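Residue-level listing of the chains:
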Amino acid sequence: MKLIKSLSLFLFIALITCSCEQEKEMSSINPINWKKRSATIPVDDSLTEARTYLGIYSEIYSTSEHNTHDLTVTVSMRNTSDKDSIYLTKAAYYSTSGELIRTYFDYPIFIKPLETVDIIIEESDDTGGTGANFIFDWLNNDTLTDPIFEAIMISTRGQQGLSFTTQGKRIK
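Residues numbered from 1 in each chain as written. Predicted model: local features only at pLDDT ≥ 70, side-chain atom pairs only at ≥ 80, totals over all residues. Heavy atoms only, no water.

**Brief notes about the overall build of the chain**
Part 1 of the argument: Within the chain, the secondary structure is distributed over one helix and twelve strands.
Part 2 of the argument: Along the chain direction, N to C, the helices and strands of the chain fall in the order α-β-β-β-β-β-β-β-β-β-β-β-β.
Part 3 of the argument: Relative to its 172 residues, the chain shows a buried fraction of 35%.
Part 4 of the argument: Approximately 11,000 Å² of the chain is accessible, and the part contributed by carbon and sulfur atoms is 53%. (Helix = DSSP H or I, 4+ residues; strand = E, 2+ residues; numbered from the N terminus. Buried < 20%, exposed > 50% of the residue type's maximum accessible area, 1.4 Å probe, protein only. Areas by Shrake-Rupley, 256 points an atom, 1.4 Å probe, with all protein chains shown as cover.)

**Details of the pairing of strand S6 (residues 100-105)**
Part 1 of the argument: Two elements, strand S5 (residues 86-94) and S6, share four bridges in a ladder whose sense is antiparallel. Across the sheet, Ala92 pairs through a bridge with Thr103, a residue of S6.
Part 2 of the argument: Hairpin connection between S5 and S6: a loop of five residues separates the two successive antiparallel strands, and Gly98 in this loop has a positive phi of roughly 85°. (Pairing = 2+ DSSP bridges.)

**Observations concerning the confidence of the model for the chain**
Part 1 of the argument: Overall, the predicted model of the chain reaches an average pLDDT of 83, with 80% of residues at or above 70.
Part 2 of the argument: Mean pLDDT values over the elements of the chain span from 54, in helix H1 (residues 2-19), up to 96, in strand S12 (residues 169-170). (pLDDT = per-residue confidence, 0-100.)

Right, here's the structure in full:
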């Protein structure tokens, strides 16, 4: 009888321990340490403010408006210059309804020549919805090539996979 009670207690404790899931921190909140990229903007009269809009989808409709499919999003910020660093001053993520979800940085950061820096929105993070978007503020001058802002959305389930891309549009 003692063996059965001990075994029952052990199984109960094992079940409780296994069912307690720690909340996993989403890497999309802080994918890299942005402070390490902080930059002092050079005093240069030729730098002007520029802005790019990038539409993304953290989920898409599947079979009906009541059924959605979550996606992993990779947002790439690419410096197209092979000589000069570029300076981004803000990256803000908005939901389908236009509400600010989070700001990744709102101070100057640099991206080295031909470097790409990514922001990852995990598949489990559906806060953006079906019409999420980013606004990137950056500094420009006549000698720099525009950076490229693009997103790749992907999901795989069993033997089925889907993926597509979007590209940013300069709006200022």
